[in-house]
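# Fold and geometry: a report
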Amino acid sequence: MDWGALYKVIGGVNKHSTSIGKVWITVIFIFRVMILVVAAQEVWGDEQEDFVCNTLQPGCKNVCYDHFFPVSHIRLWALQLIFVSTPALLVAMHVAYYQQETTRKFRRGEKKNEFKDLEDIKKQKVHIEGALWWTYTSSIFFRIIFEAAFMYVFYFLYSGYHLPWVLKCGIDPCPNLVDCFISRPTEKTVFTVFMISASVICMLLNVAELCYLLLKVCFRSSKRAQTQRNHPNHALKESKQNEMNELISDSGQNAITGFPS
Amino acid sequence: MSWMLLRDLLSGANKYSTGIGRIWLAIVFIFRLLVYIVAAEHVWKDEQREFECNIRQPGCENVCFDYFFPISQIRLWSLQLIMVSTPSLLVVLHVAYRESREKRHRKQLYVSLGTMDGGLWYTYLISLIVKTGFEIGFLVLFYKLYNGFSVPFLMKCDLKPCPNTVDCYISKPTEKTIFTFFLVITSCLCIMLNFTELSLLILRYFIKCCLQKHSKTFKSSVCECHSLGYTECGETRAPQLLQNHGPSFDTDIPPKGEAKLLCDTEED
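Residues numbered from 1 in each chain as written. Chains lettered and ligands numbered in written order. Predicted model: local features only at pLDDT ≥ 70, side-chain atom pairs only at ≥ 80, totals over all residues. Heavy atoms only, no water.

Chain B goes by Gap junction protein in an unreviewed UniProt entry, where it is assigned to Octodon degus. Of chain B, the UniProt comment under Function (unreviewed entry) reads exactly: "One gap junction consists of a cluster of closely packed pairs of transmembrane channels, the connexons, through which materials of low MW diffuse from one cell to a neighboring cell." One UniProt comment on chain B, placed under Subunit (unreviewed entry), says "A connexon is composed of a hexamer of connexins." (UniProt positions renumbered as here; feature names shortened; annotations may be inferred.)

The name that an unreviewed UniProt entry assigns to chain A is Gap junction protein, with the source organism given as Octodon degus. Listed in UniProt under the heading Subunit (unreviewed entry), the comment for chain A reads: "A connexon is composed of a hexamer of connexins." According to its UniProt record, chain A has this under Function (unreviewed entry): "One gap junction consists of a cluster of closely packed pairs of transmembrane channels, the connexons, through which materials of low MW diffuse from one cell to a neighboring cell."

If you want it as structure tokens, here you go:
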């Protein structure tokens, strides 16, 4: 199991996401996971080896390193990426459950006019409405919470996002206040700022997606209410016709561009 | 040979699991295996090199490290992952055995290879019990070996050849403690899921058995149970396979109700 396997799982959700969701997945895997794996891990690779304190007292370096870096930046980022990606699994599970139910109905002969065969059920995009809307919205909500929580933990643990080149340490067994030098502080600061910026962008994308989903639902329900008010006799027929038209136009769009409305 | 092999083998087990079994698998893959590979492994990478004792006596550090860490936490973690994941393979093996039986007899012996009835139900149950046993066993072992789940920053050691009681400092104790607690929490979560799955499986079995007994009392003709080879519901003997029935029953296409006797069929 590695980042590639996680990408395959999350990538599967991509088909059923909104356009903003697809951008979010791209930002996460290219600007965060890939940067973490190919660059950041090299920068932090020798963090403890090259952490040097101006003393020969055994144990002083270990204790000072542990005090200033209770959890390494790299590990925190890895955990943040895992926690932020996993709410998408809720959507994946819901879609899998929906496809399973549709397959059962198809086998009983109920949805033969909607789908050609079992493969068609698996290939077709599932629309974000009804119960799936709630699952999708909750997953976005949890993503935002996790991102914010990890950014706060970072800020709290390291007193900001800047790494100094020298730290003063006087914890036992250090005999006095010793100078401890971090390896590559500027490079680490650059990557920290980069990862935090990518985090902020992802959070903004999630907020935008949440607003989009809420507006879409409000717009749909106000449209339905308006139709019912204007044509109370034909309201039911028209709403069904509208849904059919939407389904047809959405599937047509998907066939051409591959993006949802 | 790497963790990818285990992942591929377990993905095969996913097909024959219940819903809770699939959630368990997702938790193991993402919160245990992935966290182990991308984060935890690196924390313990330099544990012996950075283990420092306040003494220049050669051999003292080696002896003290070996005494305090008879087996590294990270190695215990990887052993736990392997032992906890492999009982799921029993189910895969059983399904493969069913497949080979059908090929040998050249006819359909089971409703579907993955239907959780008969022997496969017992295999699944045993795999759950063994998984839970391993989880609890490893947690207890962790606790006993390291006197709790937290890693101290300083340990006092007076084993030979150390000349007196020396202070020994462990590298990254806080980070190691955080990951150890992470391991314990995910382990407990998996134990809870296993217990829930176990209870649900047993409950479903008894409910269906009671329903059958109930329907038996209203039918004067031969009980539907017999189509699956039950002589008496509630017997400890495993339900027999379709092939063992008398010629008066149509075994080619059994009704779906009986086929899903013990567990919902997982169809992909």
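Here the narrative resumes.
## Looking at the UniProt feature "domain: Connexin cysteine-rich" (unreviewed entry) in chain B
In the numbering used here, UniProt assigns the "domain: Connexin cysteine-rich" (unreviewed entry) feature to residues 134-201 of chain B. For residues 134-201 of chain B, the helix share is 62%, the strand share is 12%, and the end-to-end C-alpha distance is 20 Å. (Helix = DSSP H or I, 4+ residues; strand = E, 2+ residues; numbered from the N terminus.)

## What to know about the UniProt feature "domain: Connexin cysteine-rich" (unreviewed entry) in chain A
This chain's UniProt record puts "domain: Connexin cysteine-rich" (unreviewed entry) on residues 146-213 of chain A. Across residues 146-213 of chain A one finds 62% helix and 12% strand; the C-alpha atoms that close the span lie 20 Å apart.

## What to know about helix H3 (residues 60-68) of chain B
Residues and elements named next belong to chain B. Every buried residue belonging to H3 is among Cys60, Cys64, Phe65 and Phe68, and all of these are buried. Burial along H3 is one-sided: seen end-on, the buried residues are contained in an arc of 120 degrees. Along H3, the residues that are exposed and aim more than 90 degrees away from the buried face are Asn62 and Asp66. Each element contacted by the buried residues of H3 is listed here: strand S1 (52-53), helix H6 (119-146), strand S2 (154-157) and strand S3 (166-169). (Buried < 20%, exposed > 50% of the residue type's maximum accessible area, 1.4 Å probe, protein only. Arc of directions from axis to C-beta. Contact = heavy atoms within 4.5 Å.)

## Regarding the environment of Lys103(B)
Residue and element names in this part refer to chain B. Looking at where lysine 103 falls in the secondary structure, it is placed in helix H5 (residues 88-105). The exposed category is assigned to lysine 103, whose relative accessible area is 59%. Taking the C-alpha atoms as reference points, lysine 103 and leucine 34, separated by 69 residues in sequence, lie 38 Å from one another.

## Points about the pattern of salt bridges
As enumerated under the stated definition, the model contains 12 salt bridges over all chains in all. Arg32(B) serves as the salt-bridge partner of Glu135(B), at 2.7 Å between the closest nitrogen and oxygen. Placement of Glu135(B) in helix H6 and of Arg32(B) in helix H2 (residues 19-43) is noted, with a sequence separation of 103 residues between them. What makes Glu135(B) buried here is its relative accessible area of 0%. Of the charged contacts in the structure, one is a salt bridge between Lys156(B) and Asp167(B), with a shortest N-O distance of 2.6 Å. Of this pair, Lys156(B) sits in strand S2 while Asp167(B) sits in strand S3, placing them 11 residues apart in sequence. Taking the relative accessible area as the measure of exposure, Lys156(B) reaches 54% and is therefore exposed. Taken together, the shared-partner salt bridges connect Glu47(A), Arg75(A) and Glu175(B) into one network. (Salt bridge = Lys/Arg side-chain N within 4 Å of Asp/Glu carboxyl O.)

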